[in-house]
Amino acid sequence: MAGPFTTVREQVDTTPQSIDRTEYTTCYMCACRCGIRVHFKNDELRYIDGNPDHPVNRGVLCGKGSAGIMNVKSPARLTKPLKRVGPRGSGEFEEIEWDEALALAEEWLGTVRKTDPRRLAFFTGRDQSQSLTGWWAGRFGTPNFAAHGGFCSVNMAAAGLYSIGSSFWEFGEPDWERTKYFMLFGVAEDHDSNPIKMGIGHLKSREAAKFVSINPVKTGYSAVADEWVGIRPGTDGLFAGALIHELLKAEKVDWDYLARYTNAPWLVIQAPGHPDDGLFVRDRDGNPLLLDGKQKKIVSALEPDSSPILVGSVDIDGQRTVPAFHLLADRFLDDAYAPDTVAETCGIPADTIRRIAAELAHAAFEQTIELDIEWTDWAGRKQDKVIGRPVSMHAMRGISAHSNGFHTCRIIHVLQMILGSIDVPGGFRSKPPFPRPVPPGPKPAGHNVRADKPLEGMPLGFPTGPEDLLIEPDGTPKRIDKAYSWEHPLAAHGLMQMVIHNAWKGDPYPIDVLFLYMANMGWNSSMNVPGVLHYLTDTKEDGSYKIPKIIYSDAFYSETVPYADLVLPDTTYLERWDCISLLDRPICSAEGPGDSIRHPVLKPDRDVRPFQEVLIDLGARLGLPGFVKEDGSPAYPGGYPDYIVNHERAPGIGPLAGWRGELGVDQGRGGPNPNQLSRYIENGGFWEMPFTEAQSWLKHANRDYLTLAHRMGWIPSPDRIVMQIYSEPVQRFRLAAQGYGPALPPEDHRARVEKYFDPIPFWYPPFEGESSGDAYPLHALTQRPMHMYHSWGSQNAWLRQITNQNRLFVHPDAAAEIDAADQDWVWVVSPFGRVKTQIKIIHGVEAGTVWTWNAIGKRRGAWGLKDGAPETEKGFLLNHVITELLPPRDGGLRYANADPVTGQAAWYDLKVRLEKCTPAEAGATEPMFERFHRPDLADPATDGDGTLRYGASQHAEKSGKAETTPRDWVGNREAHAHRGSGVRPGHGNRVSKDGQE
């Protein structure tokens, strides 16, 4: 996929003597999925650099990617299956063989499946293979499956998929080549880091483009923005609403775009107290209606040549109806969204808001782009150009991790729609397999859970009304996390953060087995860590655990491993097959589809197995449909690579889209090709298929694109996709709360559903800020540094040399309030607990906000760290002072501390105060949990003094010496080894087990 950053360069071999073999695969050090080259000499891993031919990163690689070597050599690696022999949390295990481990897992899981499959809760972390894990859960028969997104980005994903058919982050990207005004909302630099860095770099090279970052924290991307808007956390939706207010007042609206591509002209019934109130008027065939201004009559909204009216009202069969846009304008033209009204709440001057609105209007309507590209719209009409509004936007966790994030993200999408800037030149562009119908299918399965039977579909999906919820006749949830219930109806990714609490409480029912993969729920992937540790170890009166059995798989000895009863050790990413699939999270760009693989370029040096292989093996042992043939033999005897090649989710559609069919010439759809994986390896580990120019723009309404997307299996039909400024599915939930429809919420949920299921997005204050009051005046946030990603990066020896302690970053005004100086120790106090840390005073933060790096602080005994490692003594987690539950309501009901629509964990809503430590309290973090017993882990080949000298053998080869002294390998300045290694010559190559030189 040719893109704006592609340049033709002479290919020069810069390391002719340093390597003798290079393998091409896909990085796993974050979610970018960049292409990498892994270099060897004499079968020893030498260094990793970027693949210049790869469509994601085009050769660019960050520090995380280069440091992947240290994940492979980490002293935290697990080496054998483990069975617990001591109390949970002690870390006391015995090593067992795989036959015993798999037999135990088969026994525990088999008993559950034969009795009540719901009593298995299967939740995975950022594993990048959720099409397999979700399918396995569905074949097992449990609805209790979800992954990382519930506490990461479900707000953002659901808001986009219920509005524009795609979303920010993995489902779309800015048009970096053409945009003239780029707004970045709440994106930390660890997510999509290489593509965004490349895009911003390209943007900064163009004098005509402006980059505005809206973020309480001025670091990373915000630090290089042309304008940093230091917004108060949780008020982004109010700010975006004020921009809409100004644009509507000035009538700076792309009326034609709204009429052609959105449901803005669709007529909405206005009949309060009537069961059809707020629904679209439809004809006998179910088509929505609009008022045609030229014909002066009501016509189908699906007619291609109508001239819609966007404001006003019309009576139909005695009922008043108005266009959806009319309702939107009524809301955002209200003084509640005026800049002067919102300025104090957002912390942004009203004049700044007005200026930014004017700049958006200027870029969209005075700097319009016209591309002479012929294309055909959904109705078969030939078009000779594409009109572009060169305003683009992007967002991530800073939006989603608030309890108002769903509606905030919808407001941002409305802002894009009224500017006409979605999927046009210079705007925000969808990545395949998106856009999809709004909302997309399928719906969540789990209505009929039966012993020894699979679900009727996949556990996760997209409800279109109350009838799709997974609830019992009395309205109680059917899922352990309460996803798709009246508490969180549109929980498209589940509520991973609530699984352990609900299982401990037996609410809505107890479970027998908790099965986790790569989800560090015992530490940085949980809210209220002390509470979670209690839930994992709490016992009944008879001494048995309230959560009876826990199976955990991970590659490293994380803080969660000691709480497992059975540990299934995973490989690292260079030792296994993986599939980055269009069925899951592929490597597509707006220019065309793509997917990729990982293949084992190293053999494990310990007794571990890839989790995907283990899952497929367990599926066959349990006799799960799809995992066995009719005779009961394994369907994929060759393991995961066999599955990748031969599995079909639908006829001709499998995990990989490239080189399909018996001859390997089909793309997207075709039968299995036994040589498919070889073709991927020959091509550098990836496949891509560029769109034609005629397919590339306005995909929602582009016949050539829609036809292709249907043929590829991305969408169920080639019909046009209509973006939604007004959400009828959301309104159906509101009607149910008002007492209308086939499924009604219990009385104690009705007011909440009615308020937050508004078909037009709106802003409301985050929940925790309302409940914590003036005693906790500061907002507290966590971010991950660009050079680390989740907890597996912060145990990496090279990356730890960059950051092995996190501090709390505090504005000078906030520090002065408690008479604290730089590097002083403070207590961070919330209504739920207190944690101790050092502060770092900075100016680049909103004055009422404090923040820190997440996942740096570790628990003693975990991750192979030696006693006294800075991460365990001075690193800290804000997770210790976040609650997973909101305060009780009348009757004792406690909702999750989450978005009321999607269940997204609201861990950016945290409010705290600071208390300066006494001199006696300073010096070490608290709380300090009991040290784990450390089992035998992987030996990273250190010297007797515990020092890991990576590259010492390279120096020995170069110098002809057979042995090295402690300082022999210090950069190898005269050799080529520093190139691409992620380490500067002469620095950082001599690393002890605790990460210190």
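Residues numbered from 1 in each chain as written. Predicted model: local features only at pLDDT ≥ 70, side-chain atom pairs only at ≥ 80, totals over all residues. Heavy atoms only, no water.

Participant: Outline the overall build of the protein chain, supporting the account with residue identities and numerical values.
Facilitator: For the protein chain, the count of helices and strands is 27 helices and 36 strands. In terms of C-alpha radius of gyration, the protein chain reaches 28 Å, essentially the compact-globule figure of 30 Å for 997 residues. With respect to the three principal axes, the spread of C-alpha positions in the protein chain is 90 × 70 × 70 Å. The buried share of the protein chain, reckoned over its 997 residues, is 65%. For the protein chain, the share of sequence-separated contacts (at least 6 apart) that also reach a separation of at least 24 residues comes to 71%. Surface accessibility of the protein chain: about 33,700 Å² in total, with carbon and sulfur atoms responsible for 47%. The protein chain carries 107 positive and 128 negative side-chain charges, and their two centres are separated by 2 Å. (Helix = DSSP H or I, 4+ residues; strand = E, 2+ residues; numbered from the N terminus. Rg over C-alpha atoms; globule rule 2.2 N^0.38 Å. Buried < 20%, exposed > 50% of the residue type's maximum accessible area, 1.4 Å probe, protein only. Contact = heavy atoms within 4.5 Å. Areas by Shrake-Rupley, 256 points an atom, 1.4 Å probe, with all protein chains shown as cover. Lys, Arg positive; Asp, Glu negative; His and termini not counted. Charge placed at Lys NZ, Arg CZ, Asp CG, Glu CD.)

Participant: Please provide a residue-by-residue account of the sheet that holds strand β23 (residues 513-517), values included.
Facilitator: Here seven strands make up an open sheet; going across it, the order is β5-β4-β25-β24-β23-β6-β7 and the pairing mixed. Two strands lie at the open edges of the sheet, namely β5 (93-95) and β7 (145-146), each paired on one side alone. Across two bridges, the pairing between strand β6 (residues 120-124) and β7 is parallel. Each bridged residue has a counterpart across the sheet, and for F122 the counterpart in β7 is F145. Helix-sheet contacts for helix α4 (residues 130-140) involve β6, β7 and β23, and the interaxial angle to β6 is about 175°. (Pairing = 2+ DSSP bridges. Axes fitted to C-alpha atoms, helices over the stretch in contact; angles between N-to-C directions.)

Participant: Break down helix α21 (residues 747-756) for me, citing the residues and quoting the values.
Facilitator: Inspection of α21 places H749, R752, V753 and Y756 among the buried residues, and these make up the whole buried set. Across the axial projection of α21, the buried residues extend over an arc of 100°, all falling on one side. Away from the buried face of α21 by more than 90 degrees, exposed residues E747 and A751 are located. (Arc of directions from axis to C-beta.)

Participant: Kindly report on the side chain of R429, identifying the contributing residues and their values.
Facilitator: Along the chain, R429 turns up in strand β22 (residues 428-430). For R429, a relative accessible area of 2% puts it in the buried group. A distance of 3.0 Å separates the side chain of R429 from the side chain of E591, its partner in a polar contact. Within the structure, the side chain of R429 is placed 3.3 Å from the backbone oxygen of S696, a separation counted as a polar contact. Apart from residues no more than four positions distant in its own chain, R429 is found in contact with G172, E173, D175, R178, D423, V424, A590, E591, S696 and W697. (Polar contact = N/O pair within 3.5 Å; in protein donor to acceptor, adjacent residues only side chain to side chain.)

Participant: Residues and numbers for the environment of Q128, please.
Facilitator: You can see Q128 is positioned in the loop between β6 and α4. Discounting residues that sit within four places of it in the chain, Q128 has contacts with Y28, C30, A31, R33, C579, D584 and R598.

Participant: Kindly report on the environment of D607, identifying the contributing residues and their values.
Facilitator: For D607, the position within the fold is in the loop between β27 (594-598) and α16 (611-621). The spacing of D607 and K80 is 527 residues in sequence and 5.1 Å in space, taken between C-alpha atoms. Aside from chain neighbours lying at most four places away, what touches D607 is T79, K80, P81, E97, W98 and P569.

Participant: Please provide a residue-by-residue account of the packing of aromatic side chains, values included.
Facilitator: This model, assessed by the stated rule, comprises 40 aromatic pairs. The interplanar angle of 40° and the centroid separation of 6.1 Å between the aromatic rings of F556 and W863 together place this pair among those described as tilted. Residue F556 is located in the loop between β24 (549-554) and β25 (566-569), and its partner W863 is located in the loop between β33 (849-853) and α26 (870-873); the two are separated by 307 residues in the primary sequence. With respect to burial, F556 and W863 carry one shared label: buried. Ring geometry for F762 versus Y764: centroids 5.3 Å apart, planes at 40°, classification tilted. Assigned by exposure class, F762 and Y764 land together as buried. An aromatic cluster of three or more residues is present, and its members are F122, W136, F140, F145, F515, Y517 and F611. (Phe/Tyr/Trp six-rings, centres within 6.5 Å; stacked < 30°, edge-to-face > 60°.)

Participant: Outline unusual backbone geometry, listing residues and values.
Facilitator: The omega angle of the peptide bond from P432 to P433 is 10°, so this bond is cis rather than trans. Among the structural elements, P433 can be located in the loop between β22 and α14 (499-505). Cis rather than trans, the peptide bond between G441 and P442 has omega equal to -10°. For P442, the position within the fold is in the loop between β22 and α14. Notably, W659 is not glycine yet its phi reads approximately 50°, a positive angle. Its location among the elements puts W659 in the loop between α17 (640-646) and α18 (676-682).

Participant: Break down the pattern of salt bridges for me, with residues and values.
Facilitator: Using the criterion set out here, one finds 57 salt bridges in the structure. Between K210 and E227 there is a salt bridge, with the nearest N and O atoms lying 2.9 Å from each other. Here K210, found in strand β10 (residues 210-214), pairs with E227, found in strand β11 (residues 227-229); they are 17 residues apart in sequence, far enough to count as distant. Among the residues examined, E227 registers a relative accessible area of 14% and is labelled buried. (Salt bridge = Lys/Arg side-chain N within 4 Å of Asp/Glu carboxyl O.)

Participant: Go over the pairing of strand β14 (residues 297-300), please, and point to the residues and values.
Facilitator: Working note: regular strand, side chains alternate between the two faces of the sheet. One ladder, built from four bridges, connects strand β13 (residues 289-292) with β14; its direction is antiparallel. Residue pairing for β14: L290 is matched across the bridge by V299. Hairpin remark: β13 followed by β14, antiparallel, with four residues in the connecting loop; positive phi at K296, about 55°.

Participant: Which residues make up the nonpolar core, and what values do they have?
Facilitator: Formed by 298 residues in total, the largest nonpolar core has its most connected members in W136 and F239. A per-element tally of this core places helix α13 (residues 405-419) first, with nine residues. Excluding anything up to four places from it in sequence, F239 contacts M183, F185, I214, I231, C346, I348, I353 and I356. Formed by seven residues, the second largest nonpolar core is a distinct cluster that contains I269, L289, V314 and I316. (Core = buried A, V, L, I, M, F, W, Y, C linked by side-chain atoms within 4.5 Å.)

Participant: Account for the pairing of β6, naming residues and giving values.
Facilitator: Most of β6 sits inside the fold, with five of its five residues counted as buried. Across the two faces of β6 the burial is the same, with L120, F122 and T124 and A121 and F123 all buried. Considered for its hand, the β-α-β crossover made up of β6, α4 and β7 is right-handed. (Right-handed = clockwise from strand over helix to strand, strands pointing away.)

Participant: Account for the sheet that holds strand β1 (residues 21-26), with residues named and values stated.
Facilitator: Spatial strand order, β1-β2-β3: three strands in an open sheet with antiparallel pairing. With partners counted over all chains shown, the strands left at the sheet margins are β1 and β3 (44-50), one partner each. Put simply, the sheet's adjacent strands are angled 25° from each other on average, direction ignored.

Participant: Talk me through the packing of helix α3 (residues 98-115) against α16; I want residue IDs and the actual numbers.
Facilitator: Between α3 and α16, whose axes approach to 10 Å, the crossing angle comes to 55°. One finds that α3 runs oblique with respect to α16. In terms of crossing hand, the pair formed by α3 and α16 is right-handed. Together, W98, L102, A103, A105, E106 and L109 of α3 and V614, D617, L618 and R621 of α16 make up the contact between the two elements. Here the residues of the contact of α3 with α16 sort into seven nonpolar, no polar and three charged. (Parallel < 35°, antiparallel > 145°, perpendicular 65-115°, else oblique. Left-handed = near helix turned anticlockwise from the far one by under 90°. Nonpolar A, V, L, I, M, F, W, Y, C, P; charged D, E, K, R; others polar.)

Participant: Which residues make up the layout of surface pockets, and what are the values?
Facilitator: In this structure, the largest pocket encloses a volume near 1,200 Å³. Along its surface, the largest pocket is lined by 42 residues, and R436, G441, P442, L583 and D584 are the ones closest to its centre. Sorting the residues of the lining of the largest pocket by element identifies α4 and α5 (154-161) as the ones contributing at least two each. In terms of residue count, the dominant contributor to the lining of the largest pocket is α4 (three residues). Split into classes, the residues belonging to the lining of the largest pocket amount to 26 nonpolar, 11 polar and five charged. (1 Å grid on protein atoms, 1.4 Å probe; cavity = no way out; pocket = protein on both sides within 12 Å on 5 of 7 lines; lining within 4 Å. Points joined across faces, edges and corners; volume = space filled by probe spheres on them.)

Participant: Quick one: what's the story with the confidence of the model for the protein chain, residue by residue and with numbers?
Facilitator: Mean pLDDT for the protein chain: 91, with 92% of residues reaching 70 or above. For residues 962-997, every residue scores under 50 in pLDDT, and the model assigns this stretch 85 contacts once sequence neighbours within four places are set aside. (pLDDT = per-residue confidence, 0-100.)

Participant: Talk me through the packing of helix α10 (residues 339-346) against helix α11 (residues 350-366); I want residue IDs and the actual numbers.
Facilitator: α11 packs onto α10 with a crossing angle of 115° between their chain directions and a minimal axis gap of 8 Å. In terms of axis orientation, α10 runs roughly perpendicular to α11. For the pair α10 and α11, the sense of crossing is right-handed. Contact with α10, carried on its side by P339, D340, V342 and A343, involves A350, I353 and R354 of α11 and no other residues of that element. A class-by-class count of the residues in the contact of α10 with α11 yields five nonpolar, no polar and two charged.

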